[in-house]
Amino acid sequence: MAEFLQFFFSGLTVGAVYALVALGFTLIYNASDIINFAQGEFVMLGGMTTVFLAATGMPVPLAALVAVIATIAVGLALHRFAIEPARGASAVALIMITIGASIFLRGAAQVVFDKRFHSLPPLLGAEPIRVAGAAILPQSLVVLAGAAVIVVLLWWLLDRTLLGKAVIATSANRLAARLVGINTRSIVGFSFAVSAAIGAVAGILVTPITLTSYDVGTLLALKGFAAAMLGGIGSAVGAVAGGLILGMLEAFSAGYVSSKYKDAVAFLVILAVLFAMPNGLFGRGHIERV
Amino acid sequence: MHALLTHRLAGLAIIAVILLVLPLSFPSGYYYRVAALVLIFALAALGLNLLMGLAGQVSLGHAAFLGVGGYAAAIGPTHLALPSWLSVFLGAALSGVVAFVVGRPILRLKGHYLAVATLGLGLLVAIVLTNEAGWTGGPDGMTVPRLTLFEWRVRGSDTWYWIAAVAFVFGAWLALNLIESPTGRALRAIHDSETAASVLGVDVARQKLAVFVVSAVYTSVAGSCLALFNGHITPDIAGFLRSIELVAMVVLGGMGSIAGSLVGAAILVVLPQLLTALHDYEHMVLGLVLMSVMIFLRQGIVPSLSALVPRFRSS
């Protein structure tokens, strides 16, 4: 039982991070039909910027705030200088642009920061909490709480504010949204900003546990994308569920099967799910117009 | 003259002549080496281009077949005492069988779901290659015995340049024939609209599976050549970044364009060699080039540029 709990909590923590990355994918996809492979780079920028600002003597909370703002600026710049000029390009071309952006950001991080691993002091101390024989890092609880707050804020934003309704209208039908006076271009820009912020916060929260370096973004983007697709692209509930499921799958297969094959087990399950449900767990069916 | 220029094999003939004359301008063996690498990757990109450009299906895991072909050429002679050339054929056959078995369920998926499924397939192969160290040497990889054909030990970058050139031109010729065949027409119809194609009586699942298998075999042969040429192989050959690189070659050069595969491969092989002079700024420049090409030449380099020349617009 202690073992099970241990795997459960580590899966939940990793899964929460995947869920946040998947939410970033979903937001941008809904507003613009773009799969943004630079999503993992936002996570890296959040963590790395905080680490380097904190190293200059800045208090960590202030450094974190500046890091989030800086990452939002990067997200907006990505939209303004790479996505906007390519409006109307094919889906594959847009994916290549975001991959180019992710290579660029990784290269820039390597120059601006360095190539070493870095950590941050945990928010609530490093002493593990014992629960029924399992040891839980306090920072895991911080990650989970942070992820929960972000999900609730995002729900509030999309469901309760006029701006959120504009985002939903844009994702439902871009032309109709424009006809009722919504500036869909700013909405897409806004979705890049929010995705960048979510990624940066995820990066800051998880750095004390998993460490960060200039190249953590690739794997996170890959896992976040897989989680978003597992849940069904375009569904926010699916993104969160997909992220948590992926995290659990990894933790349990690392614990009970083999740590070398944890990614293999995770992807085998994803493949099996997609074979049975070609639109993911929460995705809508797709109707083709001829 | 006009008839010669507009013949359907004219473009291929021009490529063949260029490949034949090009070595005259090579000042050193290093150029042969880079050119051979370009041609080997062009062959892999050509295979992926059939899947992406012709049939409109994305694969983010195609390096898996590069890995199967490469490790076949390594494991066959090392562990099973098979001759290299036979291992290359067996590797290609194995790639074809893998593509055939996984292709049917995977190709039912569409768009980004297909992308994530192929990505998963690629990761699975890379994970197996990394972890089955008894056969593959693990993360450090293994040595690949030199190719021997009828007592002739193939070595030297110049020899490999000619082998790769012949392989690429032959592959391109086969691809041209496939494009012009009923299968090619069916695949183009699927690219435009799957529903419309199936209404017109195209067996969509079967045609997609066929091109997936063909594309896997192309990439597998390229993987074998890469392993034999380098003399060493690591699991990176099947990794996610390699898959992305192959997709980038196809998209950069131009989807559906044979010359495009060659141009895309040339850029992504030569550019990093040139950029090593920039040291730390290498990746920034590579990312910028990738973004700029896709923003300003969004159809890919060859189709975008040939659209500027009215005479070649049809090709």
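As a further point, take the overall build of chain B. Scanning chain B from terminus to terminus reveals 15 helices and four strands. Scaling as 2.2 N^0.38, a compact globule of 315 residues should have a C-alpha radius of gyration of about 20 Å, and chain B matches this with 19 Å. Residue burial in chain B is summarised as follows: out of 315 residues, 51% are buried.

From N to C terminus, chain A includes eleven helices and two strands. When the helices and strands of chain A are listed from N to C terminus, the series reads α-α-α-α-β-β-α-α-α-α-α-α-α. Scaling as 2.2 N^0.38, a compact globule of 290 residues should have a C-alpha radius of gyration of about 19 Å, and chain A matches this with 19 Å. Out of the 290 residues in chain A, the part that is buried amounts to 52%. Taking as baseline every contact in chain A between residues at least 6 positions apart, the subset at least 24 positions apart corresponds to 75%.

Residues and elements named next belong to chain A. Two elements in contact, helix α2 (residues 39-55) and helix α9 (residues 217-231), have axes whose closest approach is 7 Å; the angle formed by their N-to-C orientations is 130°. Between α2 and α9, the angle falls in the class oblique. Relative to α9, the crossing made by α2 is right-handed. Here Q39, G40, E41, V43 and M44 of α2 lie close against α9, whose contacting residues are G217, T218, L220, A221 and G224. Here the contact of α2 with α9 is composed, by residue class, of four nonpolar, five polar and one charged.

Across the contact, 35 residues belong to chain B and 38 residues belong to chain A. Listed by contribution, the elements that provide at least two residues to the side of chain B that touches chain A are α6 (111-131), α10 (194-199), α12 (240-253) and α14 (282-296) of chain B. It is α14 of chain B that provides the largest number of residues to the side of chain B that touches chain A, a total of ten residues.

Attention now goes to the environment of F117 of chain A. All names here are of chain A. With respect to the element layout, F117 can be found in the loop between α4 (91-112) and β1 (129-131). Each C-alpha atom of the pair F117 and Y214 lies 8.1 Å from the other, and the pair is 97 residues apart in sequence. What F117 contacts, discounting residues up to four positions off in sequence, is L211 and S213.

Right, let's talk about helix α8 (residues 184-210) of chain A for a bit. Residue and element names in this part refer to chain A. With 27 residues, α8 should reach 39 Å at 1.5 Å per residue; the first-to-last C-alpha distance of 37 Å fits that figure. Within α8, the axis deviates most sharply at I204, by approximately 30°, and proline P208 lies no more than four positions further along. For α8, the buried fraction is high: 21 of the 27 residues fall into the buried class. Positive backbone phi, approximately 65°, marks L211, located one or two places after α8.

This part covers the packing of α2 of chain A against helix α3 (residues 60-83) of chain A. All names here are of chain A. One way to put it is that α2 packs onto α3 with a least axis distance of 8 Å and a crossing angle of 140°. Overall, the two elements α2 and α3 adopt an arrangement that is oblique. Helix-helix and strand crossings are classified by hand; for α2 and α3 the assignment is right-handed. Only V60, A63, A64, V66, A67, V68, A70, T71, V74 and G75 of α3 make contact with α2, whose side of the interface consists of F42, L45, G46, T49, T50, L53 and A54. Class assignment for the residues of the contact of α2 with α3 results in twelve nonpolar, five polar and no charged.

This part takes up the nonpolar core. Residues A19 and I97 of chain A together with I40 and F41 of chain B are the most contacted members of the largest nonpolar core, which totals 204 residues. The element best represented in this core is helix α3 (residues 29-54) of chain B, accounting for 18 residues. Those residues in contact with I97 of chain A, other than ones at most four positions away along the chain, are A82, I83 and A86 of chain A together with M291, M294 and I295 of chain B.

What follows concerns the confidence of the model for chain B. For chain B, the mean per-residue pLDDT works out to 88, and 96% of the residues sit at or above 70. Taken together, the chains of this predicted complex give a pTM of 0.89 and an interface ipTM of 0.87.

Residues and elements named next belong to chain A. Within the secondary structure, G224 is located in helix α9. The exposure class assigned to G224 is buried, which follows from the 32 C-beta atoms found within 10 Å. Separated by 173 residues in the primary sequence, G224 and V51 have C-alpha atoms spaced 23 Å apart. Not counting residues up to four positions away in its chain, the partners in contact with G224 are Y18, V21, A22, G24, F25, Q39 and G40.

All names here are of chain A. Among the structural elements, F37 can be located in the loop between α1 (2-32) and α2. A C-alpha to C-alpha distance of 21 Å links F37 and V151, two positions 114 residues apart in sequence. Discounting chain neighbours no more than four positions away, the residues touching F37 are I95, T98, I99, S102 and A221.

Quick look at unusual backbone geometry now. The phi angle at L211 of chain A is positive, at roughly 65°, despite the residue not being glycine. Relative to the assigned elements, L211 of chain A resides in the loop between α8 and α9. Phi at A81 of chain B is positive, roughly 55°, even though this residue is not glycine. You can see A81 of chain B is positioned in the loop between α4 (63-79) and α5 (84-106).

How each quantity is defined
Residues numbered from 1 in each chain as written. Chains lettered and ligands numbered in written order. Predicted model: local features only at pLDDT ≥ 70, side-chain atom pairs only at ≥ 80, totals over all residues. Helix = DSSP H or I, 4+ residues; strand = E, 2+ residues; numbered from the N terminus. Rg over C-alpha atoms; globule rule 2.2 N^0.38 Å. Buried ≥ 20, exposed ≤ 12 C-beta atoms within 10 Å, placed from the backbone. Contact = placed C-beta atoms within 7 Å. Axes fitted to C-alpha atoms, helices over the stretch in contact; angles between N-to-C directions. Parallel < 35°, antiparallel > 145°, perpendicular 65-115°, else oblique. Left-handed = near helix turned anticlockwise from the far one by under 90°. Nonpolar A, V, L, I, M, F, W, Y, C, P; charged D, E, K, R; others polar. Expected span 1.5 Å × (residues − 1). Bend = angle between axes of the 7 residues up to and from the residue. Core = buried A, V, L, I, M, F, W, Y, C linked by C-beta atoms within 7 Å. pLDDT = per-residue confidence, 0-100.

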